[in-house]
Amino acid sequence: MEQLRTHIEKIVPLSDEEFASISSCFTYRKYKKHQFLIQHGDTVSYNYFVLKGLLKLVYTDDGGKEHIVGFAMEDWWETDFPAYYQSKKATMSLECVEDTEVLCLSLEDYRKIVSTHPKMEHFFLEKAYMGFIAAQQRIISTMTTGIKERYEQLLEKHPSLIQRVPKSLLAAYLGVSRETLSRLPL
């Protein structure tokens, strides 16, 4: 839980009592590589804070092609956000790329935390803003740059990710085939 406290306190300070109340709302879980936290069509019960490991969020189109929406590693949050916040069925899957340990936060407990601890609403808003900024930058990059530039941007922003993710998954994230990625002069 200390990892969660350190993560939160990068944005808002917490007393020991506040953190005890907040941390009581989380559930610890361990998953094995290739295990799913969320599958398409599931009810999405949790937002996940990654303590250790690596996850991939995947959208599978009608033709069965997987599109990696994002990765989540230590100190990142991930879920199918529309399904989580709107109590809808998942349109994406969340799968472990490595053995993974997470803290799970239900929507009910999220609402309890933000109503009991107003500063946590600020924390979650800041996390959401950063997520929106990253998503917009990725969309613009996809529309305006070539694969080599996108790969270099990924390498610059998340160098450790390149070492942890197989080339086939990186290719799916970048929207190209494995063969195309392999042919790039990187």
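Quick notes on the rules
- Residues numbered from 1 in each chain as written.
- Predicted model: local features only at pLDDT ≥ 70, side-chain atom pairs only at ≥ 80, totals over all residues.
- Heavy atoms only, no water.
- Pairing = 2+ DSSP bridges.
- Helix = DSSP H or I, 4+ residues; strand = E, 2+ residues; numbered from the N terminus.
- Axes fitted to C-alpha atoms, helices over the stretch in contact; angles between N-to-C directions.
- Contact = heavy atoms within 4.5 Å.
- Phe/Tyr/Trp six-rings, centres within 6.5 Å; stacked < 30°, edge-to-face > 60°.
- Buried < 20%, exposed > 50% of the residue type's maximum accessible area, 1.4 Å probe, protein only.
- Lys NZ or Arg CZ within 6 Å of the ring centre and 35° of its normal.
- Patch = residues over 30% accessible without salt bridge, like charges linked within 9 Å, V, L, I, M, F, W, Y side chains within 5 Å.
- Areas by Shrake-Rupley, 256 points an atom, 1.4 Å probe, with all protein chains shown as cover.
- Salt bridge = Lys/Arg side-chain N within 4 Å of Asp/Glu carboxyl O.
- Disulfide = S-S within 2.5 Å.

- Per an unreviewed UniProt entry, the protein is named Crp/Fnr family transcriptional regulator, and its organism is Chryseobacterium oncorhynchi.

Quick notes on the sheet that holds strand β4 (residues 55–60)
Logical step 1: One open sheet holds the 4 strands; their spatial order is β2-β7-β4-β5, and the pairing between them is antiparallel. Edge strands, defined here as strands with exactly one partner in the open sheet, are β2 (36–38) and β5 (66–72). Taken pair by pair, the neighbouring strands of this sheet meet at an average axis angle of 30°, ignoring direction.
Logical step 2: The pairing of β4 with β5 spans 6 bridges and is antiparallel. Residue pairing for β5: T60 is matched across the bridge by E66.
Logical step 3: The strands touched by helix α8 (residues 167–174) are β4 and β5; relative to β5, the strand with the most contacts, the crossing angle is about 105°.

A look at the packing of aromatic side chains
The description of an aromatic ring pair rests on the distance of the ring centres and on the angle between the ring planes.
Logical step 1: Across all of its chains, the model carries 11 aromatic pairs by this definition.
Logical step 2: Each ring, one from F26 and one from W77, has its centre 6.1 Å from the other, and the planes form 50°; the classification is tilted. Highlighted residues: F26 in strand β1 (residues 26–31) and W77 in strand β6 (residues 77–78), separated in sequence by 51 residues. Neither residue differs from the other here; F26 and W77 are each classed as buried.
Logical step 3: Aromatic pair F123 and F124: ring centres 5.1 Å apart, planes at 75°, arrangement edge-to-face.
Logical step 4: F123 gets classed as buried once you look at its relative accessible area, which sits at 0%.
Logical step 5: Above the ring of Y173, the side-chain terminus of R138 is found at 3.7 Å from the ring centroid.

A closer look at a nonpolar patch on the surface
Logical step 1: A contiguous nonpolar patch, built from L125, Y129, M130, F132 and I133 and spanning about 500 Å² of accessible area, is present on the exposed surface.
Logical step 2: Tracing the backbone through its elements, the reader meets Y129 in helix α5 (residues 118–144).
Logical step 3: Exposure remark for Y129: the relative accessible area of 40% places this residue in the partly exposed category.

So, the state of the cysteines
Logical step 1: What the rule picks out here adds up to 0 disulfides.
Logical step 2: Cysteine C25 shares no disulfide, and the gap to the nearest cysteine sulfur, in C104, comes to 13 Å.
Logical step 3: With no disulfide of its own, C104 lies closest to C96 among cysteine sulfurs, the gap being 11 Å.

Remarks on the sheet that holds β1
Logical step 1: One open sheet accounts for 4 strands, arranged β1-β8-β3-β6; its pairing is antiparallel. Edge positions in the open sheet fall to β1 and β6, since each of these has one partner strand only.
Logical step 2: The pairing of strand β3 (residues 46–52) with β6 spans 2 bridges and is classified as antiparallel. Paired with F49 across the two strands is W77, which belongs to β6.
Logical step 3: Sheet contacts for helix α4 (residues 107–116): β1 and β8 (100–106); angle to β8, the most-contacted strand, approximately 70°.

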